[in-house]
Amino acid sequence: GAGVSQSPSNKVTEKGKDVELRCDPISGHTALYWYRQSLGQGLEFLIYFQGNSAPDKSGLPSDRFSAERTGGSVSTLTIQRTQQEDSAVYLCASSLFGRSYNEQFFGPGTRLTVL
Amino acid sequence: DQQVKQNSPSLSVQEGRISILNCDYTNSMFDYFLWYKKYPAEGPTFLISISSIKDKNEDGRFTVFLNKSAKHLSLHIVPSQPGDSAVYFCASRQNTGNQFYFGTGTSLTVIP
């Protein structure tokens, strides 16, 4: 069965450029999370989408970061004017809302390198 | 501010022995605690969880223990197998919140 997919798997960009990262969640999962993992750090929460509710953007580190989720399915994380400190692995996860522990299914991640 | 901490970045264990991975947290309001396992170039996969109303949950070779007074969580793997070699993350959240807080991970190596 199809799990969570992310594209691209690797992205190298120059400082100042914009990047878009894509996440395809598991079909039927209403909740979608974005995290990033910088070198030597744990997973840092960025944003959470649940159904048609307003997203929880409390983890976005700056206004250069934004995310959308179209039609309750695919999500795009956009980073504008990238900085070297944005280099990290960006992970997307989805879950079937209502399960007792909100088990999340993660994608393989996008490794972003900002030169 | 790291609310979930895994103070051991790595652990090596002989095959067949017990692996004990530890996790400490600072927020007494956390309701759920989870362990994830991550292989290189893959996303984390859910392993086992425990609610704050319990102190132990067992699933096959994996047992999670919760000590709320000490704000301490541990994962026991017994017997350890070479396929268990991976990075293990603990995570916590409040029932009222959306955000999961993850530790920095412990890299487990099970030596054949």
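A brief structural summary. Keep in mind the model is a prediction, meaning the values are calculated, not measured. (Residues numbered from 1 in each chain as written. Chains lettered and ligands numbered in written order. Predicted model: local features only at pLDDT ≥ 70, side-chain atom pairs only at ≥ 80, totals over all residues. Heavy atoms only, no water.)

## Structural notes on the interface of chain B and chain A
Condition: The contact definition used throughout considers only heavy atoms, calling two residues in contact when any of these lie within 4.5 Å. Once two parts are brought into contact, the accessible area they lose, counted with a 1.4 Å probe and summed over both, makes up the buried area. We define a salt bridge as a side-chain nitrogen of Lys or Arg found within 4 Å of a carboxyl oxygen belonging to Asp or Glu. Any pair of nitrogen or oxygen atoms within 3.5 Å is treated as a polar contact; in protein, a donor-acceptor pairing is required on top of that, and neighbouring residues in sequence qualify only through side-chain atoms on both sides. Secondary structure elements are taken from DSSP: a helix is a run of H or I of four residues or more, a strand is a run of E of two residues or more, and numbering for both begins at the N terminus.
Taken together, the 20 residues of chain B in the interface contact 20 residues of chain A. For the chain B and chain A pair, buried surface summed over both sides reaches about 1,700 Å², with 58% attributable to carbon and sulfur atoms. If you sort the residues of chain B by the area they bury against chain A, Asn98(B), Phe100(B) and Phe102(B) come out on top, with a joint share of 30%. The tally of links between chain B and chain A comes to 0 salt bridges. Our enumeration of links across chain B and chain A arrives at 2 residue pairs in polar contact (both at pLDDT 80 or more). Mapped by element, the contributors of at least two residues to the side of chain B that touches chain A are β4 (32-38), β5 (45-51) and β9 (86-93) of chain B.

## Observations regarding the packing of aromatic side chains
So the rule is basically this: Stacked, tilted and edge-to-face are the three classes applied to pairs of Phe, Tyr and Trp rings, where Trp contributes its six-membered ring and a pair requires centres within 6.5 Å; stacked means planes under 30 degrees apart, edge-to-face means over 60, and tilted covers the rest. For the exposure calls, accessible area comes from a 1.4 Å probe over protein chains only, and a residue counts as buried if that area is under 20% of its type's maximum, exposed if over 50%, partly exposed in between.
All chains considered together, the criterion is met by 14 aromatic pairs over all chains. Taking the centre distance of 6.3 Å and the plane angle of 75° together, the rings of Tyr35(A) and Phe45(A) count as edge-to-face. With a gap of 10 residues between them, Tyr35(A) in strand β4 (residues 31-37) and Phe45(A) in strand β5 (residues 43-50) connect regions that are remote in the sequence. Of the two residues, Tyr35(A) and Phe45(A), both sit in the buried class. Taking 5.2 Å as the distance between ring centres and 80° as the angle between the ring planes, the aromatic pair formed by Tyr35(A) and Phe102(B) counts as edge-to-face. Of the two residues, Tyr35(A) sits in strand β4 while Phe102(B) sits in strand β10 (residues 101-102), which places them in two different chains. Residues Tyr35(A) and Phe102(B) agree in their burial class; the two are buried.

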